[in-house]
Amino acid sequence: MQTFVIQGGRRLEGDMTVQGAKNSALPILAATLLCQGESTLTNCPKLSDVYAACRILGSIGARCVMQGHSVTVRADAPSRAVIPEDLMQEMRSSIIFLGAMLGRMGQCSLGFPGGCELGPRPIDLHLQALRRMGVRITEENGILTCTVPKGLHGARIHLQFPSVGATENILLAAVLAAGDTVITNAAREPEITDLADFLTKCGAKIEGAGTGTIRIRGVKQLTGCEHRIMPDRIVTATWLACAAATGGELRLLHTDDASLTGILDVFEEMGGSCSRSQDSICFSGRKPIQPLRYIKTMPFPGFPTDAQAIVMAVLCKANGTSVMEETIFENRFRHVDALVRMGADIRIAGRAAVIRGVRQMHGAVVSATDLRGGAAMLTAALGAEGETVLTEISHIDRGYDSPELALQAVGARIERK
Ligand code: UD1
């Protein structure tokens, strides 16, 4: 099992190029299954979750080749409508293949996703919506079998909560369904817009992606295209957090300004200065870190739950007390114990964390609990005094493409062992 060994206390300075977005690459890889001919995705991050998605495509009978940061998929004759159980367990977001498999193959069988490190991960909204589109779903021994006896048809679907995954699954099922689909209270995350952009280039008819109402007119066929995966806004937030925690200055390249609503304001409120263009950010974290009196996670365009742990790692050294409320996931404070072991003063009260800033954090031996929790520990370690040994870093490799190389290039002392 690999670890990161980090010598903290060095200011990060220099340029970093932001990788492509995991949460955009995964649904777009699923979408390639809907296409005739070849699809090429560029700027695709090299991550264990992306490799798992490629293995799912392979097991369905598609040809998927990754060369550098480019993935080519050909799904001319998908033959096996099953998501293998081990891949379903390895990556919870495998559920995103459900809509695509139903759209292309008219059937899908997959393991029922249980809980995960963030708490229960229900898929009731996905299944309710698909039922309205003509999908028959049965469950036996934890295996879901989905079929479309009379073909997929469009429907009016109101989501009780703007779930990202459910919105994506409906989109994927609707683009080749008969007739029109309207999703209201749809998720507005930028990754949904990226998925819709890809599908539109392939010939789909979609309006309103990025707003709360998405209209899809089903078409007969989609043809593969070339698409560049959008920049990862959570990785952008992570590098900003690393700069803030070390009092550093970074220029981030290949960013996407429009997707950073709800993130950059928070870094400015913490005392950072951001000078931004459409695709780069110059950030200075030289001033003392200011607390956030109250912040809660919200669906886009609010403050993202995926940035909660990372920003908390910065607030540990703020000049006062901050309160963070997690409203999206039930169990998303598992990083707190590790931060406390590194010297932080954090109390949890239900869904809120009260963070009293301390003057200095110190290194410790800690384990990554989940992807973003691990990134928070990495951030705290870079800004702490002394050595941190961070174990279970496979969680971090799910979402960050060689983070140690990116950080070494701006002066961090971090090694993978
Ligand atoms: C996606 C992101 C994840 C991010 C999350 C919220 C991917 C691969 N993952 O996850 O990084 O943290 O959005 O921005 O894109 N819910 C239900 N029933 C459902 C579906 C969801 O109750 O059928 C609940 C979930 O338990 C959770 C909340 O809705 O509490 C948000 O989930 P959702 O937006 O669906 O997140 P994901 O798509 O799983």
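Residues numbered from 1 in each chain as written. Predicted model: local features only at pLDDT ≥ 70, side-chain atom pairs only at ≥ 80, totals over all residues. Heavy atoms only, no water.

Draft legend 1. Focus on the overall build of the protein chain. Of the regular secondary structure elements, the protein chain holds 14 helices and 26 strands. C-alpha extents for the protein chain along the principal axes are approximately 65 × 45 × 40 Å. Of the contacts formed within the protein chain by residues at least 6 apart in sequence, a portion of 72% connects residues at least 24 apart. Split by element, the accessible area of the protein chain, about 16200 Å² in all, is 47% carbon and sulfur. Distance between charge centres in the protein chain, computed from 43 positive and 42 negative side chains, equals 2 Å. (Helix = DSSP H or I, 4+ residues; strand = E, 2+ residues; numbered from the N terminus. Contact = heavy atoms within 4.5 Å. Areas by Shrake-Rupley, 256 points an atom, 1.4 Å probe, with all protein chains shown as cover. Lys, Arg positive; Asp, Glu negative; His and termini not counted. Charge placed at Lys NZ, Arg CZ, Asp CG, Glu CD.)

Draft legend 2. Here's a closer look at the environment of cysteine 44. Here cysteine 44 lies in the loop between strand 4 (38–42) and helix 2 (48–60). Distance in space between the C-alpha atoms of cysteine 44 and glutamine 19 is 7.7 Å, their sequence separation being 25 residues. With residues near it in sequence (within four places) discarded, cysteine 44 still touches Ala25, Val50, Met66, His69, Val71 and Ile229.

Draft legend 3. Just the packing of aromatic side chains, in detail. Counting across every chain of the model gives two aromatic pairs. Relative to phenylalanine 283, the ring of phenylalanine 267 lies with its centre 6.1 Å away and its plane at 90 degrees, an arrangement referred to as edge-to-face. Of the two residues, phenylalanine 267 sits in helix 9 (residues 264–269) while phenylalanine 283 sits in strand 19 (residues 280–284), which places them 16 residues apart along the sequence. Phenylalanine 283 matches phenylalanine 267 in its accessibility class, with the two residues each being buried. (Phe/Tyr/Trp six-rings, centres within 6.5 Å; stacked < 30°, edge-to-face > 60°. Buried < 20%, exposed > 50% of the residue type's maximum accessible area, 1.4 Å probe, protein only.)

Draft legend 4. The arrangement of the site of the ligand in detail. Neighbouring residues of the ligand: 18 residues in total, closest Asp124, Ser163, Gly165, Asp306 and Ile328. Proline 122 has a polar backbone atom sitting 3.4 Å from an oxygen atom of the ligand. The separation between an oxygen atom of the ligand and a polar side-chain atom of arginine 332 is 3.5 Å. Contact with the protein chains removes 83% of the 740 Å² of surface that the ligand exposes when unbound. Looking at the shell around the ligand, the elements that each hand over two or more residues are helix 5 (124–132) and helix 6 (164–174). When residues in the shell around the ligand are grouped by element, the largest group, three residues, is from helix 5. (Near = heavy atom within 4 Å. Polar contact = N/O pair within 3.5 Å; in protein donor to acceptor, adjacent residues only side chain to side chain.)

Draft legend 5. Expanded view of the sheet that holds strand 9 (residues 136–140). Spatially, four strands are ordered 7-8-10-9 in an open sheet, and the strand pairing comes out mixed. This sheet does not close on itself; its edge strands, each paired only once, are strand 7 (82–83) and strand 9. Bridge analysis of strand 8 (residues 107–111) against strand 10 (residues 143–147) gives five bridges, and the strand direction is antiparallel. Across the sheet, the residue bridging to leucine 110 is leucine 144, located in strand 10. (Pairing = 2+ DSSP bridges.)

Draft legend 6. The arrangement of the side chain of threonine 255 in detail. The residue threonine 255 is located in the loop between strand 17 (249–253) and helix 9 in this model. Among the polar contacts listed, one links the side chain of threonine 255 to the backbone nitrogen of serine 280, at a separation of 3.0 Å. In this structure threonine 255 touches Val18, Pro231, Thr236, Leu260, Gln278, Asp279, Ser280 and Ile281, once residues within four positions along its chain are discounted.

Draft legend 7. Representation of the pattern of salt bridges within the structure. Taken as a whole, this structure holds 15 salt bridges when the rule is applied. Note that glutamate 38 and arginine 74 form a salt bridge whose closest N and O atoms lie 3.6 Å from each other. With glutamate 38 in strand 4 and arginine 74 in strand 6 (residues 70–74), this pair connects stretches of sequence that are 36 residues apart. For arginine 74, a relative accessible area of 32% translates into the label partly exposed. Put simply, arginine 233 and glutamate 191 hold a salt bridge, and the shortest N to O gap is 2.8 Å. Of this pair, arginine 233 sits in helix 8 (residues 233–246) while glutamate 191 sits in helix 7 (residues 190–201), and the two are 42 residues apart along the sequence. Here arginine 233 and glutamate 191 have matching classes, each one buried. (Salt bridge = Lys/Arg side-chain N within 4 Å of Asp/Glu carboxyl O.)

Draft legend 8. Fine view of the nonpolar core. The biggest cluster of nonpolar side chains holds 78 residues, and the ones touching the most others in it are Phe97, Met133 and Leu199. Element by element, the count of residues in this core is highest for helix 2, at seven residues. (Core = buried A, V, L, I, M, F, W, Y, C linked by side-chain atoms within 4.5 Å.)

Draft legend 9. Quick look at the pairing of strand 12 (residues 180–184). Of the pairings in the sheet, the one linking strand 11 (residues 156–158) to strand 12 comprises three bridges and is parallel in character. Directly across from arginine 156, in strand 12, lies its bridge partner valine 182. Read from strand 11 through helix 6 to strand 12, the crossover connection turns out right-handed. Bridge analysis of strand 12 against strand 14 (residues 213–217) gives five bridges, and the strand direction is antiparallel. Of the residues in strand 14, the one forming a bridge with valine 182 is arginine 215. (Right-handed = clockwise from strand over helix to strand, strands pointing away.)

Draft legend 10. Quick peek at the packing of helix 4 (residues 97–105) against helix 6. Put simply, helix 4 and helix 6 touch, their axes get as near as 7 Å, and they point 10 degrees apart. Relative to helix 6, the element helix 4 is oriented roughly parallel. Taken together, the residues of helix 6 that come into contact with helix 4 (itself represented by Leu98, Gly99 and Ala100) are Asn169, Leu172 and Ala173. A per-class count over the contact of helix 4 with helix 6 returns four nonpolar, two polar and no charged. (Axes fitted to C-alpha atoms, helices over the stretch in contact; angles between N-to-C directions. Parallel < 35°, antiparallel > 145°, perpendicular 65-115°, else oblique. Nonpolar A, V, L, I, M, F, W, Y, C, P; charged D, E, K, R; others polar.)

Draft legend 11. Summary view of the packing of helix 1 (residues 22–31) against helix 7. Two numbers describe how helix 1 lies on helix 7: the axes approach to 9 Å, and their chain directions differ by 30 degrees. If you check the angle between helix 1 and helix 7, you find them roughly parallel. Along this stretch, helix 1 crosses helix 7, giving a crossing that reads as right-handed. When helix 1 is examined against helix 7, the residues Asn23, Ser24, Pro27, Ile28 and Ala31 are found in contact with a partner set consisting of Glu191, Asp194, Leu195, Phe198 and Leu199. When its residues are assigned to classes, the contact of helix 1 with helix 7 shows six nonpolar, two polar and two charged. (Left-handed = near helix turned anticlockwise from the far one by under 90°.)

Draft legend 12. Focus on the side chain of aspartate 194. Tracing the sequence through the fold places aspartate 194 in helix 7. Lysine 201 is the oppositely charged side chain nearest to the buried, salt-bridge-free aspartate 194, at an N-O distance of 6.9 Å.

Just geometry here; none of it tells us what the structure is for.
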